[in-house]
Amino acid sequence: MKKNNKTTIKEIAERAGVSPSTVSLVLNGKGEISGTTRSRVLEVVSSLNYTPRTPKKRATIQKTIKFLKIAKHGHTVNRDHSHFISDYIDGMSQEATSRGYKLQVLSYENVTADDITDILATSDATAVIVLGTELSREDIQKIQDLHLPIVFIDTFYDLVEANFVDMNNGDAVYTVLEHLKSLGFTKIGYVGSETQTRNFALRKDAFISNMATLGLPVAPEHVLSIGSTLSSAYEDSVDALGNDIAEAYFCANDIMAYGFTKALKEKGYKVPEDVSVIGFDNLPMSITLDPPLTTIDVSKRKIGSMAITVLDELINADTMPPAVKVLVGAQLIKRASTRPKNG
């Protein structure tokens, strides 16, 4: 029999540290499999670009939804941030299975929008979910022009006729700043990155606008730009920190908060005694930091699930409906990296 895939279920099982039967159950959406194990198996499937064959005995052809995990430059879609992508996949997988779809996860690195359109132009996918973390407005428009049922996640653009499911960055940042103000802080700084990632830009805009809404001044020297990987966040923070620091800082994600906190300690500042710090994403590492990180939690599984729901409606619509733009709310997780100004 001719094989369609070079990778086998046994190889996936060895990589994921589970049994072949567990891999089979995950791929078929069956069994009592924990979310952590399911995510780990799906991440390995993604890294190997494995596509399970549809059994020939089925009388009907199962529709396929492709999830494109795109690393355009790799500064945010990388191993440091792999957990939130696994959560997206887990949410998509469960919803796709419940609606009778097969989910295929494909990973692409160092690609352009033109590369993606070429891939999709010859694809047999019924519909597509695109990880838009590192994609620009122009990239989104090029891919959207294919007129396939497409949903972009982890990004959001106004005035673009495309379907988006993303976190509500504006509301989340307001929650952060309102909390810091309630703790008595008036000198609040922002730690972000110039890396081409749409959510970083949205969080910076939200920081500036919401500071004004809350009647708080923004000091340019307290707005810092650092790298978005663990190593670059720390190294850039060491260079960026001067003698004039804010009383509290909001970091655009937990990776940057980790590097920034490490740099603060190296400079002789204590967290939260001297400086309070809040991150974004509630990655597993956030609770293990010293001190545990106060952060924003957005359900990535909910975003993945919603993306499948939107696609299902597009697939079954008689005519192409108007673009759908869904923003998922956030929750502040309070931990020991923040405390009232006067202790």
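Along every chain, residues carry numbers that run from 1 in the direction the sequence is written. Under the rules for a predicted model, residues below a pLDDT of 70 receive no local features and side-chain atom pairs below 80 are neither given nor counted, while totals for whole chains, interfaces and linings still include all residues. As a convention, hydrogens and water are excluded, and side-chain values are obtained from all of the structure's heavy atoms.

Notes on the overall build of the protein chain
Moving on, step 1. Elements are defined by DSSP. Helices are runs of H or I of four residues or more, strands are runs of E of two residues or more, and each kind is numbered from the N terminus. The number of helices and strands found in the protein chain is 11 helices and 12 strands.
Moving on, step 2. Two things to know: the radius of gyration comes from C-alpha atoms, and the globule rule equals 2.2 Å times the number of residues to the power 0.38. For the protein chain, whose C-alpha radius of gyration is 21 Å, the value lies close to the compact-globule estimate of 20 Å for 343 residues.
Moving on, step 3. Each principal axis of the C-alpha distribution contributes one length, and for the protein chain these read about 70 × 45 × 30 Å.
Moving on, step 4. Counting over 343 residues, the protein chain shows a buried share of 54%. For every residue, the accessible area (1.4 Å probe, protein chains only) is compared with the maximum for its type, and the residue is labelled buried under 20%, exposed over 50%, or partly exposed between those bounds.

Brief notes about the pattern of salt bridges
Moving on, step 1. By salt bridge we mean one thing: a side-chain nitrogen of Lys or Arg within 4 Å of a carboxyl oxygen of Asp or Glu. Evaluated as defined, the whole model comprises 11 salt bridges.
Moving on, step 2. The salt bridge involving Asp-87 is made with Arg-301; its shortest N-O contact spans 3.2 Å. Of this pair, Asp-87 sits in helix 4 (residues 82-98) while Arg-301 sits in helix 11 (residues 300-316), and the two are 214 residues apart along the sequence.
Moving on, step 3. Taking relative accessible area as the criterion, Arg-301 reaches 36% and is therefore assigned partly exposed.

Description of the environment of Ser-305
Moving on, step 1. Tracing the sequence through the fold places Ser-305 in helix 11.
Moving on, step 2. With a relative accessible area of 17%, Ser-305 lands in the buried category.
Moving on, step 3. Between the C-alpha atoms of Ser-305 and Ser-93, which are 212 residues apart in sequence, the distance is 7.9 Å.
Moving on, step 4. Residues count as neighbours in contact if any of their non-hydrogen atoms are within 4.5 Å of one another. Residue contacts for Ser-305: discarding those within four places in its chain leaves Gly-91, Met-92 and Glu-95.

Things to note about unusual backbone geometry
Moving on, step 1. Along the chain, Val-271 connects to Pro-272 via a cis peptide bond; the corresponding omega equals 10 degrees.
Moving on, step 2. Examined against the element boundaries, Pro-272 turns out to sit in the loop between helix 10 (254-266) and strand 9 (276-278).
Moving on, step 3. Put simply, Asp-290 and Pro-291 share a cis peptide bond, and its omega is 0 degrees.
Moving on, step 4. With respect to the element layout, Pro-291 can be found in the loop between strand 9 and strand 10 (295-297).
Moving on, step 5. With phi around 50 degrees, Asn-282 is a residue other than glycine that occupies positive phi space.

Side note on the confidence of the model for the protein chain
Moving on, step 1. Scored from 0 to 100, pLDDT reflects the predictor's confidence in each residue. In the predicted model, the protein chain carries a mean pLDDT of 90, and the fraction of residues at 70 or more is 93%.
Moving on, step 2. Across residues 1-5, confidence stays below pLDDT 50; counting only partners more than four residues off in sequence or on other chains, it has seven contacts.
Moving on, step 3. Scored below 50 in pLDDT, residues 55-59 makes one contact in the model with residues more than four places away or belonging to other chains.

A word on the packing of aromatic side chains
Moving on, step 1. Side-chain rings of Phe, Tyr and Trp, where Trp is taken by its six-membered ring, are said to pair if the distance between their centres is within 6.5 Å; with planes under 30 degrees apart they count as stacked, over 60 as edge-to-face, and otherwise as tilted. Applying the stated criterion across every chain, the model contains eight aromatic pairs.
Moving on, step 2. Here the aromatic rings of Phe-84 and Tyr-88 are separated by 5.7 Å at their centres, their planes lie at 85 degrees, and the arrangement is edge-to-face. Here the residue Phe-84 and the residue Tyr-88 both occupy positions in helix 4, the gap between them amounting to four residues, near one helical turn.
Moving on, step 3. Ring geometry for Tyr-249 versus Phe-260: centroids 4.8 Å apart, planes at 65 degrees, classification edge-to-face. Remark: Phe-260 occurs in helix 10 and Tyr-249 occurs in strand 8 (residues 248-251); sequence separation between them is 11 residues. The two residues Tyr-249 and Phe-260 agree in class, both being buried.
Moving on, step 4. Taken together, Phe-152, Phe-156, Tyr-157 and Phe-164 form an aromatic cluster joined through their ring pairs.
Moving on, step 5. Whether a charge sits over a ring comes down to the Lys NZ or Arg CZ being within 6 Å of the ring centre and within 35 degrees of the ring normal. The lysine or arginine in question, Arg-203, covers the ring of Phe-280, its NZ or CZ lying 3.7 Å from the ring centre.
Moving on, step 6. When the ring centre of Tyr-234 is taken as origin, the NZ or CZ atom of Lys-262, which lies over that ring, is 4.4 Å away.

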